[in-house]
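# Structural overview
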Amino acid sequence: VITSNITISGGAVISIEPGVVVLGENRQINMANGRIEALGSSEAPIFIKDLYLQKASAGSAGINLSFVEYLGGGICTVNTCSGQVTIRDSLLKDLS
């Protein structure tokens, strides 16, 4: 459970392991030259609920999702995130 907003900066990476359930509680992860790596598998997908991934005002953002079920919350788009956004074998539902 994420209980407060998080900022990723300085090239740091948040890695989410296969099989993990992330309850975002409508919090934000702001990326300023940081990256999110959520790499599940077909046998152990990652579940993310009600979490907003955003690019901070400066820097670039990297998002790599594989075998993720992402329900609620939001993911910044390529137009609002400079950097690479990769989504493979994932379900995105009810994003704002």
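For the structure itself, consult the block above.
Residues numbered from 1 in each chain as written. Predicted model: local features only at pLDDT ≥ 70, side-chain atom pairs only at ≥ 80, totals over all residues. Heavy atoms only, no water.

## Some points on the pattern of salt bridges
Counted according to the given criterion, the structure contains two salt bridges. A salt bridge links Lys-49 to Asp-50; its shortest N-O distance comes to 3.2 Å. On the accessibility criterion, Lys-49 (41% relative accessible area) is partly exposed. Using a relative accessible area of 23% as the deciding quantity, one classes Asp-50 as partly exposed. (Salt bridge = Lys/Arg side-chain N within 4 Å of Asp/Glu carboxyl O. Buried < 20%, exposed > 50% of the residue type's maximum accessible area, 1.4 Å probe, protein only.)

## Re the sheet that holds strand E6 (residues 61–66)
Strand order across the open sheet formed by four strands is E2-E4-E6-E8, with parallel pairing between neighbours. The open sheet has two free edges, formed respectively by strand E2 (13–16) and strand E8 (85–88), since each of these has just one partner strand. Geometrically, the sheet is characterised by an average inter-axis angle of 5 degrees between neighbouring strands, direction not taken into account. Examined bridge by bridge, strand E4 (residues 34–39) and E6 share six bridges and lie parallel to one another. Residue pairing across strands places Arg-35 opposite Gly-62, the latter belonging to E6. (Pairing = 2+ DSSP bridges. Helix = DSSP H or I, 4+ residues; strand = E, 2+ residues; numbered from the N terminus. Axes fitted to C-alpha atoms, helices over the stretch in contact; angles between N-to-C directions.)

## Here's the deal with the environment of Leu-51
By the secondary structure assignment, Leu-51 is in strand E5 (residues 46–55). In this structure, Leu-51 is in contact with Ile-2, Val-22, Gly-24, Arg-27, Ile-29, Tyr-70, Gly-72, Gly-73 and Gly-74, ignoring residues within four places of it in sequence. (Contact = heavy atoms within 4.5 Å.)

## Side note on the environment of Pro-45
Residue position: Pro-45 is located in the loop between E4 and E5. Sequence-wise, Pro-45 and Glu-69 are 24 residues apart; in three dimensions their C-alpha atoms are separated by 7.1 Å. Sequence-distant contacts of Pro-45, that is, excluding residues within four places in its chain, are made with Gly-19, Val-20 and Phe-67.

## Some thoughts on a nonpolar patch on the surface
A cluster of nonpolar side chains, namely Val-1, Val-21, Leu-23 and Phe-47, defines an oily patch on the protein surface of about 350 Å² accessible area. Relative to the helices and strands, Leu-23 resides in strand E3 (residues 21–32). A relative accessible area of 33% places Leu-23 in the partly exposed class. (Patch = residues over 30% accessible without salt bridge, like charges linked within 9 Å, V, L, I, M, F, W, Y side chains within 5 Å. Areas by Shrake-Rupley, 256 points an atom, 1.4 Å probe, with all protein chains shown as cover.)

## Overview of the environment of Ile-29
With respect to the secondary-structure elements, Ile-29 resides in strand E3. In this structure Ile-29 comes out as buried when scored by relative accessible area, which is 4%. The sequence separation of Ile-29 and Ile-6 amounts to 23 residues, and the corresponding C-alpha distance is 4.7 Å. Excluding residues within four positions of it along the chain, Ile-29 makes contact with Ile-2, Ile-6, Ile-8, Ile-14, Ile-36, Leu-51, Tyr-52, Leu-53 and Gln-54.

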